[in-house]
Amino acid sequence: MPTRRRMLKTAAAGLLSLGMGSYLEPLLMGENRRFRIGACDWSIGKMADPSALEFAARLGLDGVQVSVVNNQDQVHLHDVSIGKNYRQTARKNHTAIGGLAIGRMNEVPYKSDPRTEEWVSSSIDLAQKLGVKAVLLAFFGKGDLKGDKTGTQEVIRRLKKIAPKAEKAGVILGIESWLSAKEHIEIIDAVESPNVQVYYDVANSEKMGYDIYEEILWLGKSKICEFHFKENDFLLGTGRVDFQKIRTLLDEIDYSGWVVIEGATPKGLSIEEAYLKNVAFVKELVG
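Not measured: the values here are computed from a predicted model. (Residues numbered from 1 in each chain as written. Predicted model: local features only at pLDDT ≥ 70, side-chain atom pairs only at ≥ 80, totals over all residues. Heavy atoms only, no water.)

Draft legend 1. Inspection of unusual backbone geometry at higher detail. A positive phi is found at D73, a non-glycine position, where the angle reads about 60°. Of note, D73 is situated in the loop between strand 2 (63-67) and helix 3 (80-93). Residue classification places D73 among the partly exposed residues on the basis of a relative accessible area of 22%. (Helix = DSSP H or I, 4+ residues; strand = E, 2+ residues; numbered from the N terminus. Buried < 20%, exposed > 50% of the residue type's maximum accessible area, 1.4 Å probe, protein only.)

Given below as structure tokens:
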């Protein structure tokens, strides 16, 4: 009888022959692991840069959360040569694109700029092609929804419009914002789609004064697509967030998937020095 590993490799080969799944191949080496550890490409100084995958390998990461839109407002992964570069770098370094993010929406708000609707639609196409589970939609800066009822209603309208496409593609749109769990749930309930969830950033919620441990239990597995493990101005495990408690909560809500490191680069340490320590901490934490 064929082994699970052999069956997965055969399936991956079939996807590759169709021009799909090329970023999934390196993940087959550890397909049975419950958690995969990644980092945001912007946090390691490699925003929209394929070399992030090489740097991730040096840091001991499984992969990288990649920016869909670059600083020139281009959905750069649609470029054939750029996509090929990502694919080759991933294969060479046994790393993967673990997720996509549209951080550019902090400056070009989803609640008001028509360009962002195309960005979100394109990100779903890319995620489906790359075998990526979730796309992070950022709502900070100019895109902040806190206290903005009109902006929130427009975001709900746009999410309701695009949600059927996400559902068909099997892609989750993850909201990351300054909103509380209750406010996030109000949006999710209004959209009425299981493919709109929360991208839970522990440091953001701690900064806002929310009870992050109660929020994680309340939202649970059905409403949290992925996690950012983050600290502001501290290494992970040395700041304000109790990551040992969060580790216990991951068991309680039966979470599995990507744990993505963001920030956590204190003064006096280079990005590489800080992330070698952060990665070691998360590996010990999640096993």
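Draft legend 2. Examining the packing of aromatic side chains more closely. Considering all chains together, one arrives at seven aromatic pairs under this definition. Ring centres 5.0 Å apart and planes at 85° place the aromatic pair F227 and Y255 in the edge-to-face group. Pair noted here: F227 is in strand 7 (residues 224-231) and Y255 is in the loop between helix 9 (243-252) and strand 8 (257-263), with a separation of 28 residues, a long-range link. Residue classification places F227 among the buried positions, given a relative accessible area of 0%. Ring-pair connections join several aromatic residues into one group, and the members of that group are F35, Y200, F227 and Y255. When the ring centre of Y110 is taken as origin, the NZ or CZ atom of R158, which lies over that ring, is 5.7 Å away. Here K245 stacks its cationic end above the ring of Y213, 4.6 Å away from the centre of that ring. (Phe/Tyr/Trp six-rings, centres within 6.5 Å; stacked < 30°, edge-to-face > 60°. Lys NZ or Arg CZ within 6 Å of the ring centre and 35° of its normal.)

Draft legend 3. View of the sheet that holds strand 7. If you walk around this closed barrel you meet the eight strands as 1-2-3-4-5-6-7-8, and the pairing is parallel. For this sheet, the mean angle separating the axes of adjacent strands, direction not counted, is 30°. Across three bridges, the pairing between strand 1 (residues 35-40) and strand 2 is parallel. Each bridged residue has a counterpart across the sheet, and for C40 the counterpart in strand 2 is Q65. Along the sheet, helix 4 (residues 115-130) makes contact with strand 3 (96-102), strand 4 (134-139) and strand 5 (172-177), crossing strand 3 at roughly 170°. (Pairing = 2+ DSSP bridges. Axes fitted to C-alpha atoms, helices over the stretch in contact; angles between N-to-C directions. Contact = heavy atoms within 4.5 Å.)

Draft legend 4. Geometry of helix 9. Restricting attention to buried positions, one finds in helix 9 the residues F243, I246, R247, L249 and L250. For helix 9, the buried positions fall inside an angular range of 160° around the axis, keeping them on one side. Of the residues in helix 9, the exposed ones pointing more than 90 degrees away from the buried face are Q244 and E252. Considering only its buried residues, helix 9 is in contact with strand 1, helix 7 (202-207), helix 8 (212-223), strand 7 and helix 10 (271-286). The positive-phi residue at the C-terminal boundary of helix 9 is D254, with phi of around 60°. (Arc of directions from axis to C-beta.)

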